[in-house]
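One-letter residues, chain by chain:
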Amino acid sequence: MDITLIAIAIFILIAVVFLSLFLFKSINKKSFTAQDGSVFDNQSDLDLYMNLYEKTKPLFSSIDEKASPQQLLGFEQLFLSKLTTEGFPDLKTLVKYRKQFKSLSDLINT
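A quick note: this is a predicted structure, and the numbers were derived from the prediction, not measured.

(A) View of the packing of aromatic side chains. A full pass over the atoms with the stated rule returns 8 aromatic pairs. A centroid spacing of 5.0 Å and a plane angle of 45° characterise the contact between F40 and Y49, whose relative ring orientation is tilted. A relative accessible area of 16% means that F40 is categorised as buried. Judged by its relative accessible area of 24%, Y49 falls in the partly exposed class. Consider the rings of F75 and F79, whose centres lie 6.0 Å apart with planes at 20°: the pair is stacked. Classification of F75 by relative accessible area gives buried; the value is 3%.

What follows is the structure, encoded as structure tokens:
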């Protein structure tokens, strides 16, 4: 009986120690917040996100005066419409805009 009680006490003590360490680590964890509310663990991820956000923000905002009605940042308006609202329902549509996808990939990865 005494060994069982000691084993239970040790188990509870170990559980309390791990729980305390977990809570202490999560409380002291420094986080970095972007202007739009996105949270990151380190400054480099935040900087990368903010750079990408600034480059792609015009794609999701209304058409400004500088952009022609046909293109915005080199992307066709129909492609942007499908990207942001309609989607690409079939393979034919995806293949049709393959160059636009490549350009979007290049924009995101630079």
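(B) Highlighting a nonpolar patch on the surface. On the surface, a nonpolar cluster with roughly 690 Å² of combined accessible area is contributed by I6, I10, L13, I14, V17, F18 and L21. With respect to the element layout, I10 can be found in helix α1 (residues 2-28). Looking at I10, the relative accessible area reads 46%, which means it is partly exposed.

(C) Just the nonpolar core, in detail. Membership of the largest hydrophobic core is limited to 8 residues, which are L59, L72, F75, F79, L80, Y97, L104 and L107. Contributing elements (two or more residues each) for this core: α3 (77-86) and α5 (98-109). Sequence-distant contacts of L107, defined by excluding residues within four places in its chain, comprise L52, K55, T56, L59 and F75. Membership of the second largest hydrophobic core comes to 5 residues, among which are A34, F40, L46 and M50.

About the thresholds
- Residues numbered from 1 in each chain as written.
- Predicted model: local features only at pLDDT ≥ 70, side-chain atom pairs only at ≥ 80, totals over all residues.
- Heavy atoms only, no water.
- Phe/Tyr/Trp six-rings, centres within 6.5 Å; stacked < 30°, edge-to-face > 60°.
- Buried < 20%, exposed > 50% of the residue type's maximum accessible area, 1.4 Å probe, protein only.
- Patch = residues over 30% accessible without salt bridge, like charges linked within 9 Å, V, L, I, M, F, W, Y side chains within 5 Å.
- Areas by Shrake-Rupley, 256 points an atom, 1.4 Å probe, with all protein chains shown as cover.
- Salt bridge = Lys/Arg side-chain N within 4 Å of Asp/Glu carboxyl O.
- Helix = DSSP H or I, 4+ residues; strand = E, 2+ residues; numbered from the N terminus.
- Core = buried A, V, L, I, M, F, W, Y, C linked by side-chain atoms within 4.5 Å.
- Contact = heavy atoms within 4.5 Å.

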